[in-house]
Structure formats: structure tokens, C-alpha cells
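The lines below spell out each chain.
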Amino acid sequence: MSERQARRTIILVPYLWLAVFFLVPFAIVAKMSLSQVATAIPPYVPVFGLDDGPAGWLAKARELSLDNYGVIASDRLYIDAFLTSIRIAATGTLILLVIGYPMAHAMARAPENWRPLLVMAVILPFWTSFLIRVYAWIGILKPEGLLNELLLGLGLIGAPLQIANTETAVLIGVVYSYLPFMVLPLYASLERMDRTLLEAAADLGCPPWKAFWRITVPLSLPGIVAGCFLCFIPITGEVVIPDLLGGSDTLMIGKTLWTEFFSNRDWPVASAVAVLLLVLLVGPIVLYQRQQARQLEAAR
Amino acid sequence: MSDTPKTTAALGAVRSAFAPWNDPAAKPLVVFDGVTKRYGAETAVNDLSLAVYEREFFALLGPSGCGKSTLMRMLAGFETPTAGRVVLAGEDLAGVPPHLRPTNMMFQSYALFPHMTVEKNIAFGLQMEGVAKAEIHDRVAAALKLVKLEALASRKPHQLSGGQRQRVALARALIKRPKVLLLDEPLGALDRKLREETQFELVALQERLGLTFIIVTHDQDEAMSMATRIAVMDKGRIAQVGTPPVIYEAPATRYVADFIGDINIVEGKVAAIDGRRVTISTALGDMALPEAADSIAIGQEVAVAWRPEKTRIVRADEPVAGGQTMIEGAVHDIGYLGDWTTYVVEVAGQRLRAAVANASRLVERPISWDERVRLCVAPESLLLLTR
């Protein structure tokens, strides 16, 4: 095998991986989204078979339609679910940024020998199952939960607050769960910043608060962008948190998808929702990748 | 400092045109008054006092860790003295934050803002001052012209060479017309040729703008060629302050003598004082030199020192005139440097250096390895070091 062939083979492996585990499943889902629901196994028609022959395939291909997308577009339920998802993801990301930035800033300014410990503390929750941690929030937020008992005990409230099964609970869960994804990229970009730049700014007559906005924030922009995308994208499709903390009131698109698949057994509509969700997120993902590539170039 | 008054005065005359430090009526611009800086148990600057006058090009010279950078950072406001006062133009700077001090600094790493263009970097200080836009534009244009960077105004720092970055940093620090410009190892990152060019440019610029420069450096050539005065620092204290000729020709201590340039140092004892003539007995024989006798006593342990280039080297069998110190030894090593040749001569277990300018093209070396030679030093070239 020549060196060129060897190189090609090496490049081929990840592409093959992506093709088998991403492209093919996506094609199946996309095809499913064009099918019709049926009481059968699998629960949709048409099903292409190997022994149909070209004429059979053509006839079955004619049965495919965009009807499911029409259903989604005409039903407020789906549109609302999409909008709620985007709203919760946007609000959650903003709260994460506001909480995460001071945290990352303090970590980056901490004495050097403390920093590994602080990073460790941010990652520590990952040692426990995500599901268990979200369940724990039910115990904290429910009417007779820890939070309400504490507030009642302190005499701050007269009656238990209804937090569980509201959008607020979802936001609390989202902010709690995704905080490391915001803090770590911010920390990485803030820690790398040369601190003599702030001395130079001060030396040129810039008070500290102004130096924060003129020097620190612009230089941590790559971290801000990375953190926001890393939070916004998965929060939009989040299933577990709205399911456990949001109750029936908070309808997010991930949960809708789950319901369509497993409760309604309407695989074609569920697939259409999945395709739309992907299309919705491709925009931010492409933006994120572009920004990462630009940053790599600038670092060179 | 207690170098001999006679020599100091004579050497001072070399640059007598500008010497406010000799004028009792002159008021210093910067005063360090008994300044101490401690980090935990470590003392970076130890009870140091120093005065710098307006329009001086003052060099703080010393090895790394001698406290020179700490001293400068205390003037800029990045460090707070543990004890003592830092005074600028009559105002005690205690409690004045860096952004309100009328000093500007050129950082060793240049510390250019990577997200701003050259133009924006230079304009930053004026924007902070709230200068009108039109004036900022004019002054930035003038500053760019001053450092010959007009063509690169819209570049980002990472698109510049080291020398260009250095000039941006200089323009950025100069544009606010600071009372004192602080330069922290300003030429350290440049290659030798560019460094030498820039040295002359900096001096020309300082004289033209009439500003006060304080430079921190560990490079003695840099300090010698640029500074009006040099403070040689050692372990948080000042070993000697003086003009470059005084520092070189009349070092106050063994440390200064050894730090600046090459020197031969021979330990000995005062054997005789005869009027103005002092005889020191050393392991290499008696050495006589003219010295004011009031600061020394017979039997005192002192050192005699002289510079390699003030040494004449002849073959041992060659006749020489009397009245000078003569030391006989064998050539241990010869270093040919192009412009100079350095001879290392071994005498009684000690190695002495003699430097000879190669005034004509070397066809045949007059002195060779292992040859017996005599080193001749005139009495007035010998230095007496008591500390």
C-alpha cells in the first residue's frame, strides 16, 4: 500500500463511522418522516423490501409524501413546543452566561495552585448520574420539599411555593445541569488571557471596570460563543429535565418527540419533528463550527 | 558613593553639558525615599533611595532578581511599597492607582491589545483621557509617523514582526506625553543588529521629545550606550549610581567592577602610604597607584583592579619602561574576536586578561600559546577597591 493510499484509508475511517452511525440513521428517519402511520410492524407504510424489484420500489416511492410536515405546521401544539424550547434554551443560556462568567472569571484569577481544584469542583457533579441529579431537584423543589421547608421554617413565606412542574423548575434544572458546559469554555479563554494586558490598560489610564469591558470581554468572546452554543444546542432538544421537572404544562419539542414515538406510536410524525429539530439546530451548529475554525486560524 | 572625588570630577566633565545631579538647586522629578518591598520573607527592594531628574535617560541595571523591575513597577503603581515613599514631581504617589499616574510604561512583552489594530492600540490612552476624536486622529497619525509605521496602521499585532510590535508599544506609551516613560527591558526581544539600531533611535527620540526615560535592563551595553546615569543594583540595593564613564572607570565596589565589563581583580593588603602614592602588596607582587590616602589604613585588606584593555602585553624578553606594574606569566589562552584579541595569562594560579585592539590585519601572531609574557599596567589605570 502506498503512503497516499494509507493516508486515504486513515481519513476514510472517521468518514465511514459518520456514514454508518449518523448519515444512514438520518436517512432512515428522513424516509420515515415521509411515510404514513399504519397499524403494523413497523408501524408505518410503505416498507421497502429487497424483493420488490425496481417497479415495486418506484410504486412505493410514489406513496411517500410531505403530509406529516403539513400536520406539524397546522397544529399549534408542535409550533408552540418548538417556540417554548427555543425560549427556554435562550433564557437558560442567558442565565448560564450571567452566572457562569463571574464564576469562570474568579476561577481564572484564583491562585494558580487552586485552579485545578476549582476545575475539579466544576466537573465533580458528572460523577453522579445526570438522571439522579435531576431527580434530586424534585425532592428540593416539590411543595413539601427541602426548599419550601427551609423558607417556611425561616418564616419567609406563609404557604409552600409551587415551583415543581413549572417552567421555572425547568429553568432551574437546565441552569444547574449545563453550568459546567458554560463555565469551562469561559474559564479556558479567561485563563489564557495575558494579565499584563490589564496592567497596560491601567497604565494608559483605563479604570478597572472599563478595562473589563474593553479588554477582558472582547478577548473572552470565543469562550462566550463556545459556552453559549454548547448550552443552547442541547437545551433545545432536552427531554429529561422538562419531563421530570416541567410536568405537563411545559411542552418542549424533545418531550413532544418522545411522546409521539412511544405513547402515540406515530413514528412518521415523530420523525418529521426530529428532522425539523435538526434543521433548526444546524444553523447554530454551523455558526459554532465556523467560529471555532476562525479561532484556530487566529491562534496560528 | 565614595569613589575618589578627583576621578569622578574628571570623568563627570566628559558629559558636563547635562548634569542636574551635580546641581544642588535642581529638584528631582522622581524620588524613591527609603523604599522597601517584601514578598513574604523575601525582600525584593531593601531601603532604597534614589533621585531621577527631568530629561534624564536613567538606567536601572542589574542581574535578574536584583529588584530593578519591582522598583519600576512601584513607580507605575502595579506594586505597593512595604515601606518608604515614591514621589513624582513633588507628589507622594501612595494610594494613587496606576490609571491615575502620569507615567506610561513600555512592557517587556509589549502587552499590545491583540483584538485591536495598531491604530486603536495607539489611540487607547487618548480615548481614556477623553481627548476629542479629531485630535486623537491627528496625534495617532503623528505617533505612527514618529515610529515609521504609517503603512501598518490597520494591521493587528499578530500580523507584525517583533521590531514592528516594539515600535507600536513605544508609540502607545509615548502618545500621552508622560512625565516619565518607563521601559522594561525594551529591546530584550530584538535581535542584536536591530537592538543596536533601536538603542540610538531611542536616545535620539528622548532628546528630541525632551522626556524623562527610566529603563530597566540586565544588558550593560544597553545601559552604557543609552543612559545619562546608571544605577547598578544588587540584591534590592543600589551598589552605585553614576554616569557610564564613572561606573566603568571608577567602580565603587568589587560587585560593580565585576558586573560592568571585564576586569582583573587581585586581592591584597595596604603595605605603604607615601603621600598620594599607595603601595599594595599582593600575591603577584607589589603594586603602586596614586590614590587619596584618607580612606585607607596600612594593613587594610583591599583589592587592586584594572581593565583588560588598559593592559599592555609584551614578550617576557622584550625590554619595557619602568614606573608601571609588571606581572610575568604564561599565555593560557587566546581569544580572537575580530576587533579584539583577548589573552588569558596565568600568573601564580590566577588568570588575568589582556585585551589588544587588532589595529592592523593579523598576519602572524606576535605572541603564542604557553609563551612567557609580561603584563604592563600604568599606575593611573589601577583601581583601588575597598568594598
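Residues numbered from 1 in each chain as written. Chains lettered and ligands numbered in written order. Predicted model: local features only at pLDDT ≥ 70, side-chain atom pairs only at ≥ 80, totals over all residues. Heavy atoms only, no water.

Student: Would you mind going over the overall build of chain B with me for this structure?
Tutor: Helix and strand content of chain B: nine helices and 20 strands. Across its three principal axes, chain B shows a C-alpha extent of roughly 80 × 50 × 40 Å. Across the 387 residues that make up chain B, the buried fraction comes to 50%. Residue pairs at least 24 apart in sequence account for 68% of intrachain contacts in chain B once pairs closer than 6 positions are excluded. Counting only carbon and sulfur atoms, one obtains 50% of the accessible surface of chain B, whose full area is about 18300 Å². (Helix = DSSP H or I, 4+ residues; strand = E, 2+ residues; numbered from the N terminus. Buried < 20%, exposed > 50% of the residue type's maximum accessible area, 1.4 Å probe, protein only. Contact = heavy atoms within 4.5 Å. Areas by Shrake-Rupley, 256 points an atom, 1.4 Å probe, with all protein chains shown as cover.)

Student: Sorry if this is basic, but what is going on with the overall build of chain A here?
Tutor: Within chain A, the secondary structure is distributed over 14 helices and two strands. In terms of C-alpha radius of gyration, chain A reaches 25 Å, well past the compact-globule figure of 19 Å for 300 residues. Taking all 300 residues of chain A together, 38% fall into the buried category. Entry remark: accessible area of chain A is about 17100 Å², with carbon and sulfur atoms responsible for 71%. For chain A, the distance from the average site of its 21 positive side-chain charges to the average site of its 21 negative ones is 9 Å. (Rg over C-alpha atoms; globule rule 2.2 N^0.38 Å. Lys, Arg positive; Asp, Glu negative; His and termini not counted. Charge placed at Lys NZ, Arg CZ, Asp CG, Glu CD.)

Student: Just to check I follow, could you spell out the interface of chain B and chain A for this structure?
Tutor: Frequently, the measure chosen for interface size is the accessible area removed from exposure when the parts meet. Across the contact, 22 residues belong to chain B and 18 residues belong to chain A. Both faces combined, the contact of chain B with chain A buries some 1800 Å², and carbon together with sulfur accounts for 64% of it. It is His99, His115 and Met128 of chain B that lose the most area in chain B upon contact with chain A, and together they represent 32% of the buried surface on that side. At the boundary of chain B with chain A, the tally comes to one salt bridge. For Glu199 of chain A, the salt bridge is made with Arg73 of chain B, and the minimal N-O distance between the two is 2.6 Å. Applying the counting rule to chain B against chain A returns seven residue pairs in polar contact (both at pLDDT 80 or more). (Buried area = accessible area lost by both parts, 1.4 Å probe. Salt bridge = Lys/Arg side-chain N within 4 Å of Asp/Glu carboxyl O. Polar contact = N/O pair within 3.5 Å; in protein donor to acceptor, adjacent residues only side chain to side chain.)

Student: What am I meant to see in the nonpolar core here?
Tutor: The biggest cluster of nonpolar side chains holds 47 residues, and the ones touching the most others in it are Ile122, Leu170, Leu183, Leu202, Phe213 and Ile230 of chain B. No other element matches helix α5 (residues 162-174) of chain B, which puts six residues into this core. If you look at the next biggest cluster of nonpolar residues, it comprises 44 residues, including Met193 of chain A together with Phe58, Met72 and Phe107 of chain B. (Core = buried A, V, L, I, M, F, W, Y, C linked by side-chain atoms within 4.5 Å.)

Student: What should I look at first to understand helix α10 (residues 208-219) of chain A in this one?
Tutor: Along an α-helix, residues three or four positions apart point the same way, because every turn accommodates 3.6 residues. A rise of 1.5 Å per residue sets the reference length of α10 of chain A, with its twelve residues, at 16 Å; its end C-alpha atoms lie 15 Å apart and thus fit the reference within 8%. Listed as buried for α10 of chain A are Ala211, Ile215, Thr216, Val217 and Leu219 of chain A. Looking at the buried positions of α10 of chain A, the neighbouring elements they touch are α4 (76-109), α8 (167-192), α9 (196-203) and α11 (221-236) of chain A together with α3 (118-129) of chain B. (Expected span 1.5 Å × (residues − 1).)

Student: Help me understand the pairing of strand β1 (residues 30-39) of chain B, please; the structure alone is not making it clear to me.
Tutor: A regular strand places its side chains so that they alternate between the two faces of the sheet. Residue and element names in this part refer to chain B. Two elements, β1 and strand β4 (residues 83-88), share five bridges in a ladder whose sense is antiparallel. Among the inter-strand pairings, Thr36 is bridged to a residue of β4, identified as Ala83. Sheet analysis places β1 next to strand β2 (residues 42-52), joined by seven bridges and oriented antiparallel. Across the sheet, residue Val35 finds its bridge partner in β2, namely Leu48. Where β1 hands over to β2, the hairpin turn is made up of two residues, of which Gly40 adopts a positive phi near 60°. (Pairing = 2+ DSSP bridges.)

Student: Please clarify how the sheet that holds strand β15 (residues 311-315) of chain B should be interpreted in this entry.
Tutor: To summarise the sheet geometry, strands pair through backbone hydrogen bonds and adopt either a parallel or an antiparallel arrangement. Residues and elements named next belong to chain B. A sheet is described by the order of its strands in space; here five strands give the open sequence β15-β19-β16-β17-β18, paired in antiparallel fashion. Across the chains shown, the open sheet's two edge strands, defined by having one partner strand only, are β15 and β18 (350-357). Averaged over all pairs of adjacent strands, the angle between their axes in this sheet comes to 45°, without regard to strand direction. The pairing of strand β17 (residues 340-347) with β18 spans eight bridges and is classified as antiparallel. Considered in β18, the bridge of Val344 is made with Arg353. (Axes fitted to C-alpha atoms, helices over the stretch in contact; angles between N-to-C directions.)

Student: What am I meant to see in the confidence of the model for chain B here?
Tutor: Low pLDDT means the predicted coordinates in that region are not meant to be read closely. On average, residues of chain B score 86 in pLDDT, and 94% of them reach the 70 mark or higher. In the predicted assembly, ipTM is 0.81 and pTM is 0.79. (pLDDT = per-residue confidence, 0-100.)

Student: How should I be thinking about helix α2 (residues 68-76) of chain B in this particular structure?
Tutor: Residues and elements named next belong to chain B. α2 sits mainly inside the fold: eight of its nine residues count as buried. Inspection of α2 places Lys68, Thr70, Leu71, Met72, Arg73, Met74, Leu75 and Ala76 among the buried residues, and these make up the whole buried set. Looking one or two places after α2, you find Gly77, whose phi comes out positive at around 100°.

Student: Could you clarify how one ought to interpret the environment of Ile214 of chain B in this entry?
Tutor: All names here are of chain B. Structurally, Ile214 is set in strand β8 (residues 212-217). The buried category is assigned to Ile214, whose relative accessible area is 4%. On a C-alpha basis, the gap between Ile214 and Val304 in space is 33 Å, while along the polypeptide they are 90 residues apart. If we skip the residues at most four places from it in the chain, Ile214 touches Val30, Val52, Phe58, Leu60, Met72, Leu75, Val180, Leu181, Leu182 and Leu183.

Student: Is there a simple way to explain the domain arrangement of chain B in this structure?
Tutor: Residues and elements named next belong to chain B. By the assigned domains, chain B splits into domain 1 (5-102 + 178-258) and domain 2 (262-385). One C-alpha centre belongs to domain 1, the other to domain 2; they are set 33 Å apart. For the pair domain 1 and domain 2, the summed buried surface comes to about 880 Å²; carbon and sulfur atoms form 49% of the total. Per-residue buried area on domain 1 facing domain 2 is highest for Tyr248, Arg254 and Ala257; these three make up 61% of the total on that side. Seen at the junction of domain 1 and domain 2, the total is two salt bridges. Between Arg254 and Glu267 there is a salt bridge, with its nearest N and O atoms 2.9 Å apart. (Domains from an automatic or database assignment.)

Student: I tried to follow the sheet that holds strand β5 (residues 91-92) of chain B on my own but got confused; where do I start?
Tutor: All names here are of chain B. What the four strands build is an open sheet, ordered β2-β1-β4-β5; its pairing is antiparallel. Both outer strands of the open sheet, β2 and β5, are each paired with one neighbouring strand and no more. Where α2 meets the sheet, it contacts β1, β2 and β4, and its direction lies at approximately 115° from that of β1.

Student: Just to check I follow, could you spell out the pairing of strand β11 (residues 264-274) of chain B for this structure?
Tutor: Residue and element names in this part refer to chain B. Both β11 and strand β14 (residues 301-306) contribute to a ladder of six bridges, which runs antiparallel. Across the sheet, Glu267 pairs through a bridge with Ala303, a residue of β14. Here β11 hands over to strand β12 (residues 277-282) after two residues, with Gly275 in that stretch at a positive phi of 65°.

Student: Sorry, what's going on with the side chain of Asp266 of chain A here?
Tutor: Residue position: Asp266 of chain A is located in the loop between α13 (253-263) and α14 (267-299). Apart from the residues within four sequence positions on either side, Asp266 of chain A is in contact with Val37, Glu260 and Phe261 of chain A.

Student: I'm lost on the pattern of salt bridges in this one. Help?
Tutor: Side chains carrying opposite charge are able to pair once their charged atoms draw close together. Residue and element names in this part refer to chain B. Applying the stated rule across the entire model yields 18 salt bridges over all chains. The closest approach of N and O atoms between Glu79 and Arg73, which form a salt bridge, is 3.2 Å. Residue class for Glu79 comes out buried when judged on its relative accessible area of 17%. We classify Arg73 as buried; its relative accessible area is 18%. When the shortest N-O distance is used, the salt bridge between Lys176 and Glu129 registers 3.8 Å. Within this pair, whereas Lys176 is found in the loop between α5 and β7 (180-184), its partner Glu129 is found in helix α3, the two being separated by 47 residues in sequence. The exposure class assigned to Lys176 is buried, which follows from its relative accessible area of 18%.

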